[in-house]
Amino acid sequence: GPRAPGGRQARSAGRPCAGTAAMAELSASRRHGVPAVWAVAVALAALVTVAAQQQGQPQKIPPPKWLDDEGKDLFQDIENDDNYHGDAMCEAREKLLKKMAGQAAKDAGEHRFRVLLGLGLCELRKGNYPLAKKRLDSGISELNMPSEDAMLKSPQMAHFVLAKQAATFLSKHEVTQATTALRRCREIMDRNLKQIIKQLHKQMSAQGQAPPVDLVLDEMSGFGKTGQYMPMLVKQVPVLKGEFAFAETLDGVLDALDRRIAGIDSSLKDKRIRLESSKGKTGALLYVRALPAEAVVPGGQVASAQELVSGGAAKAFVEEAAGVDKGVTLVKRAKEGSGCKEGKGFGKTCAAIMKVADVASNGFGESRVLVVKAGKAQKLDVCTTNANLGILVAAKDGATATVAGAAEPAPLPAGEPVVVDFCREVSVAASATTAVLFVQAWHPEFAAVERTTELRARAKTFGLSEDDVKAAAKVVNDHAKKSWEKAAKQWREGSEGQAAIKQAFAGAEEAQKRQAEEAAEAKRKEEEAGDEGRKKALEELEKKREQKRLAEQAAEEKRRKRQKQLEEEKAARDPWLNFPEVVALEKQIDELKEGRREANAKLEFDLSTQLTKDISAAERKYKKAVKTARKAYKKHGGPAPAKEAAAGDSKDQGDGGSAKESSKLAALRAKLQKVKADKAVAAEAENFAEAKKLKKQQQELEESIKKLEL
């Protein structure tokens, strides 16, 4: 179609602006307390879909404008990487968080939240639970919500808090509480994702190009990476990538915890093998990850078992089962069974059982009456989900339950409930024919959101109508608001299985700490050994340096002796060279040559030229003095007498005075050069007091040199 200025395709006059509608939806979401993270997902779903259809290319989340170039690169690297919570992207988030620190832009808090959420999930994946809790806690604080309780009441925000709670529980080794929080988090995320995808599908349908929504939703299990439609949607709506990565990471953590718990409770592995054979979420079998149960549990530890007593079901059963000789079904798939019909004799028992929420709402459960013959053990039906527990109530004494994994058969006193894990093999025996009530109830740590999800997903399999599902879901939710947390806590208290899991996880952490400490100690010893090696090498080096110093001292001593020997030989050969005036002139020449060497080293060529002239004059004076001294030695056998020397001095006063002045001038120039060099060093070191003092000396020397040059 025609394109408007700026390259955008012109909209027809009658078509509403998708961007305006999406932004309106975003504003409404914020007004109702929905977090911007989720609201943006819905808004972008509408915005980006239209844009993608118009432009025909994948979309990307733009980095915040207030980030510097390096920060923007990090942002894009994270968003573009397929391994969203891999080690490399976790390191990138650490760097990006530093770039975002202190930013006060309107959307800075939301971006910091996304980064901190990602870092929390990184640490959760690595098993560093205390740091995961810290990161997630910091992220939640960026949302500026009234409280975490308020967030838990919002379906669009609850999963953030639940992820943090899971990290908190894991840091305390409260493993099953953590896995329950993780499963709740996943269920809520799935519901949110379905809402986003349905919103997206609605926008696509308005364009006339949309596959059936069920086909799209069925591809959610691939986390946007597999399927015919979902990978394309993720490219068009990049926010989905982060949400799917969140869900995938939690799934990985749950799977890892499930395997660890199975290493402690071996029955969990067998349950998974059998119950995961059901395809999808519509089959009759269900395996719930990381949901263990002991073989036999006292009735006082399970709230639903206690309700059978307090609600009168146990007592009514003992009374009504007195003359029963045939088994009947009382409750099946959250509905009353044939045994509850009038005339069957279990009216009071059925009425009381249907008041127990964990039994009445159990879509997987089938509670019935068994008649156990004397001396003949009767096996119980194996569970269809590990989210169920079995509760046994015998009508009279003398019955026992044998459960695989239990040390010994559990007695079933008349009218007293005993809880068993009937996912294991369970058989009931009695000394006399006895009626036994076999009730199936929800596992206390199987959360309400999980129960209602499974009821809706398997309604067709269970033969439940829409009204049946609504009624069961209402029972679940009403009970959860009042008693679920209390019932779950009661289940955990005093549980040997829970204690064993906690101890095993704590022991593993201690072992890991010890291993880390041992590794650190080994490294320290290795470094100490290396230090010892370096110390020995240093000692060897010092030894060699000392040997070199002693050798240099010996060489210097040898040189001095040789110099003395040469001087003595010189004195014996040419005694007049030791006359004072000759020695003085020789020393003067050496000083001038040393000054010239220093001037050459400092590239002071003018001074070097002048000193060369001074050296030539001094050497002429030296030759003359040697000649005079030799004559005096031959005439007098030593230095000339004072009177004759004075006459010689008077004769050569002009030349001698000139040489003396030349020698002094050269010495002053050498000293001036040294003062200048020292002043430059002091100024560079910012020692201005010393530099000022040297400057004054320089001025004095320059004045003296001028006077001598006149």
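It should be noted that the structure appears before, not after, this text.
What comes next is a walk through the structure. (Residues numbered from 1 in each chain as written. Predicted model: local features only at pLDDT ≥ 70, side-chain atom pairs only at ≥ 80, totals over all residues. Heavy atoms only, no water.)

### Focus on the overall build of the chain
Then, number 1: Along the chain, the regular secondary structure elements total 26 helices and 11 strands.
Then, number 2: Residues classed as buried in the chain amount to 43% of the 710 residues present.
Then, number 3: Counted over contacts in the chain with a minimum sequence separation of 6, partners at least 24 positions apart contribute 70%.
Then, number 4: With an accessible surface of roughly 38,600 Å², the chain has 51% of that area assigned to carbon and sulfur atoms. (Helix = DSSP H or I, 4+ residues; strand = E, 2+ residues; numbered from the N terminus. Buried < 20%, exposed > 50% of the residue type's maximum accessible area, 1.4 Å probe, protein only. Contact = heavy atoms within 4.5 Å. Areas by Shrake-Rupley, 256 points an atom, 1.4 Å probe, with all protein chains shown as cover.)

### A few points about the sheet that holds strand β10 (residues 426–430)
Then, number 1: Strand order in the open sheet formed by four strands is β5-β10-β7-β8, and the pairing between neighbours is antiparallel. Pairing within the sheet leaves two strands with one partner each, and these edge strands are β5 (378–379) and β8 (410–412).
Then, number 2: Here two bridges tie β5 to β10, and the two strands are oriented antiparallel to one another. By the bridge assignment for β10, K379 is matched with S427. (Pairing = 2+ DSSP bridges.)

### Concerning the sheet that holds strand β9 (residues 418–420)
Then, number 1: Spatial ordering of the open sheet is given by β1-β9-β6-β11-β4-β2-β3, a layout of seven strands whose pairing is antiparallel. Sheet topology places β1 (296–298) and β3 (335–336) at the edges, where each strand pairs with a single neighbour.
Then, number 2: Running over the sheet, helix α15 (residues 313–320) touches β4 (366–372), β6 (388–394) and β11 (434–442) and is turned about 50 degrees from β6. (Axes fitted to C-alpha atoms, helices over the stretch in contact; angles between N-to-C directions.)

### Section: helix α9 (residues 175–206)
Then, number 1: The first and last C-alpha atoms of α9 sit 47 Å apart over 32 residues, in line with the 46 Å expected at 1.5 Å per residue.
Then, number 2: Where α9 ends, the next residue or the one after it, G208, has phi of about 85 degrees, a positive value. (Expected span 1.5 Å × (residues − 1).)

### Focus on the side chain of D421
Then, number 1: Looking at where D421 falls in the secondary structure, it is placed in the loop between β9 and β10.
Then, number 2: The class of D421 is buried, set by a relative accessible area of 1%.
Then, number 3: Among the polar contacts made by the side chain of D421, one reaches the side chain of R424 at a distance of 3.0 Å.
Then, number 4: Ignoring sequence-local partners within four residues, the contact set of D421 consists of S267, K271, A293, E294, A295, V403 and V426. (Polar contact = N/O pair within 3.5 Å; in protein donor to acceptor, adjacent residues only side chain to side chain.)

### Some thoughts on unusual backbone geometry
Then, number 1: Here N144, not a glycine, exhibits a phi torsion of approximately 55 degrees, which is positive.
Then, number 2: Tracing the backbone through its elements, the reader meets N144 in the loop between α6 (129–141) and α7 (148–152).
Then, number 3: For N144, a relative accessible area of 67% translates into the label exposed.
Then, number 4: Despite not being glycine, R333 shows a phi value in the positive range, around 55 degrees.
Then, number 5: Relative to the helices and strands, R333 resides in the loop between β2 (328–332) and β3.

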